[in-house]
Structure formats: C-alpha cells, structure tokens
Amino acid sequence: MDIFLKVTIAVLITAIISLILSKQCPEMSLLLTIVVCCSVVIVMVSYLQPVIEFSRRLVQLGRLSTDMLNVLLKVTGIGIISQIAGLICSDAGNQSLSKILQILTIVVILCVSVPLLEEVITLIENVMGDI
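Keep in mind the model is a prediction, meaning the values are calculated, not measured.

Participant: Got a minute to help me understand the pattern of salt bridges in this structure?
Facilitator: If the charged atoms of two oppositely charged side chains come close together, the side chains can form a pair. By the definition in use, this model includes two salt bridges. Notably, a salt bridge pairs Asp 2 with Lys 6, separated by 3.4 Å at the nearest N-O pair. With Asp 2 and Lys 6 both in helix H1 (residues 2-24) and four residues apart, this pair spans about one turn of that helix. In this structure, Arg 56 engages Glu 53 in a salt bridge whose closest nitrogen and oxygen atoms are separated by 3.3 Å. Taken together, the residues span about one helical turn, with Arg 56 and Glu 53 both in helix H2 (residues 26-61) at a distance of three residues. Arg 56 gets classed as partly exposed once you look at its relative accessible area, which sits at 41%. Taking relative accessible area as the criterion, Glu 53 reaches 41% and is therefore assigned partly exposed.

What counts as what
Residues numbered from 1 in each chain as written. Predicted model: local features only at pLDDT ≥ 70, side-chain atom pairs only at ≥ 80, totals over all residues. Heavy atoms only, no water. Salt bridge = Lys/Arg side-chain N within 4 Å of Asp/Glu carboxyl O. Helix = DSSP H or I, 4+ residues; strand = E, 2+ residues; numbered from the N terminus. Buried < 20%, exposed > 50% of the residue type's maximum accessible area, 1.4 Å probe, protein only.

Next comes the structure, spelled out in structure tokens:
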C-alpha cells in the first residue's frame, strides 16, 4: 500500500502541474499526463501479478481451460487500456474520440469473448443432452 500512496500523491501533484501548464503550454500538459498514465500502468501491472497467479492456481485446481483465463485477462487489459486512452482523449478536449473508443472497446471485448461464449454453449448442450 505504500507504493499506492506514493503513486496517488504523484498523480495529484501531476494534476496540479498539468493544470498550471495547460494555460501556458497545453501540449506539455497533455504529454505530462500521458507519461504519468503510462507510469501508473506499469505500477498497476505489479499489483495485478498476485491476481494472475491466483487465477492460474484456480484454473489448475478446477481443471478449467486456460483459454477462459486468457479471455478474462485480455478483457481486463482491453478495458483498462481503453479507459486510460479515453480519459486522455477527454483531457485533450476530444469527446468524440473518447466515445468512439468506448464503442470500439465493446466490439473488441465481444470479439475476444467469442471462445468463452462458445464454451458456454457447449456446456449448455452437454447439460441438455444429459436430460
């Protein structure tokens, strides 16, 4: 949690600096925001590592397909990246790009989820066949 607090303080300081810079040099303000967002994503990955390890253990214990875990991780990554990119677009004043990115994210998540949905259909067919 110590790292979380330090990163949170750094983000707040960056927000203040960015606000000051936005009046004099909006390009630098946006660049600073992007750099700090990328840095936070790197820290975020370290927090996700125990979750990924736990998920792998769960897959092994439950004898689940690793494809299901991969879909979950991909969807999570897509959502996080999309959210950050959309916020940066909004900060840059381009709401249209932010909104279209949200729509693209939904379509990509649906596409990535097809194997999971196929697995659900197979499971339903197996259950219905047993009745």
